[in-house]
Amino acid sequence: QKEVEQDPGPLSVPEGAIVSLNCTYSNSAFQYFMWYRQYSRKGPELLMYTYSSGNKEDGRFTAQVDKSSKYISLFIRDSQPSDSATYLCAMSGGGDSWGKLQFGAGTQVVVTP
Amino acid sequence: GAVVSQHPSRVICKSGTSVKIECRSLDFQATTMFWYRQFPKQSLMLMATSNEGSKATYEQGVEKDKFLINHASLTLSTLTVTSAHPEDSSFYICSGRNSYEQYFGPGTRLTVT
């Protein structure tokens, strides 16, 4: 079983809809949770960063972490065609493990005009 | 924000040759650098962790004699793929971190013919 599970999609939504992405994980030592966006043949770009449980909002993006369920989510409101990309969840422990990321498989998102 | 660069962005080499990839943190000091590998349509897999001035720590299944990592300064880490084979063709991505932040490089696409 992988430490981080993420549905690879593809997930197709019409422009303006809400994109809902999620990951589950098995390692209770994970404390830091990130969402990255990756365009084809490019390095990942950090979208959201959350420590422990809770919600975080930044513009059209909302990240949620539920440590009790080992479940994290990313919501993209008012989606645009430019949001079409692969979205990767990632997580790490604290201390010396901080930054040593375990990634999900990535979900390919297609926003259609 | 901070930038991590990689050079070259893409490289094609013949089977049996060695290839060096550089990872530089341009405006912050990266006490730790991570090297990831990403095969097509797959997620990023951590290969190794290197701390400045120390030997790298490799993940299970990654051959340390094949993937030589040097982290000689707080701004430069290199990955050398020795005796490359076609199965080493992949997208190699580095990330640098200090106590507060972590940034990914744009990646290097290696093709071994």
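Presented here is a report on the structure given in the accompanying data block. Predicted model, so just to flag it, every value in this text is computed and none were measured. (Residues numbered from 1 in each chain as written. Chains lettered and ligands numbered in written order. Predicted model: local features only at pLDDT ≥ 70, side-chain atom pairs only at ≥ 80, totals over all residues. Heavy atoms only, no water.)

Remarks on the environment of Arg37 of chain A
All names here are of chain A.
For step 1, the next point in the chain: The residue Arg37 is located in strand E4 (residues 32-38) in this model.
For step 2, the next point in the chain: For Arg37, a relative accessible area of 12% corresponds to the buried category.
For step 3, the next point in the chain: In this structure, the C-alpha to C-alpha distance between Arg37 and Gln80, residues 43 residues apart in sequence, is 14 Å.
For step 4, the next point in the chain: Once residues lying within four places of it in the same chain are set aside, the contact partners of Arg37 are Gly43, Pro44, Glu45, Leu47, Phe61, Asp83, Ala85, Thr86 and Tyr87. (Helix = DSSP H or I, 4+ residues; strand = E, 2+ residues; numbered from the N terminus. Buried < 20%, exposed > 50% of the residue type's maximum accessible area, 1.4 Å probe, protein only. Contact = heavy atoms within 4.5 Å.)

Thoughts on the sheet that holds strand E6 (residues 54-58) of chain A
As a general point, the strands of a sheet are linked pairwise by backbone hydrogen bonds and lie either parallel or antiparallel.
Residues and elements named next belong to chain A.
For step 1, the next point in the chain: If you trace the five strands from one edge of the open sheet to the other, you get E1-E3-E8-E7-E6, paired in antiparallel fashion. The outermost strands of the open sheet, each flanked by one partner alone, are strand E1 (4-6) and E6. Between one strand axis and the next, the sheet turns through 15° on average, direction left out of account.
For step 2, the next point in the chain: The pairing of strand E7 (residues 61-66) with strand E8 (residues 71-76) spans six bridges and is antiparallel. By the bridge assignment, Ala63 is partnered in E8 with Leu74. (Pairing = 2+ DSSP bridges. Axes fitted to C-alpha atoms, helices over the stretch in contact; angles between N-to-C directions.)

Notes on the state of the cysteines
For step 1, the next point in the chain: All told, the structure shown has two disulfides over all chains when counted by the stated rule.
For step 2, the next point in the chain: Across the disulfide from Cys23 of chain A sits Cys89 of chain A; the S-S distance is 2.0 Å. A torsion of -105° about the S-S bond marks the disulfide between Cys23 of chain A and Cys89 of chain A as left-handed. One end of the pair, Cys23 of chain A, is in strand E3 (residues 19-25); the other, Cys89 of chain A, is in strand E9 (residues 85-92), with 66 residues separating them in the sequence.
For step 3, the next point in the chain: Taking relative accessible area as the criterion, Cys23 of chain A reaches 0% and is therefore assigned buried.
For step 4, the next point in the chain: Here Cys23 of chain B engages in a disulfide with Cys94 of chain B; their sulfurs sit 2.0 Å apart. For the disulfide bridge between Cys23 of chain B and Cys94 of chain B, the dihedral angle about the S-S bond is near 80°, and by the sign convention the bridge is right-handed. (Disulfide = S-S within 2.5 Å.)

Points about the side chain of Thr32 of chain B
Residue and element names in this part refer to chain B.
For step 1, the next point in the chain: Here Thr32 shows up in strand E4 (residues 32-38).
For step 2, the next point in the chain: Polar side-chain contacts of Thr32 include one of 2.6 Å to the side chain of Asn51.
For step 3, the next point in the chain: Residues within four places of Thr32 in sequence aside, it is in contact with Thr49, Ser50, Asn51, His71, Ser95, Gly96 and Arg97. (Polar contact = N/O pair within 3.5 Å; in protein donor to acceptor, adjacent residues only side chain to side chain.)

Examining the sheet that holds strand E8 (residues 76-81) of chain B
Residues and elements named next belong to chain B.
For step 1, the next point in the chain: With respect to topology, four strands assemble into an open sheet ordered E1-E3-E8-E7, the strand pairing being antiparallel. Unpaired on one side and paired on the other, strand E1 (4-7) and strand E7 (67-73) mark the two borders of the sheet. Going across the sheet, the axis of each strand differs from the next one's by a mean of 15°, ignoring polarity.
For step 2, the next point in the chain: Where E1 and strand E3 (residues 19-25) come together, four bridges link them in antiparallel fashion. By the bridge assignment for E3, Val4 is matched with Ser25.

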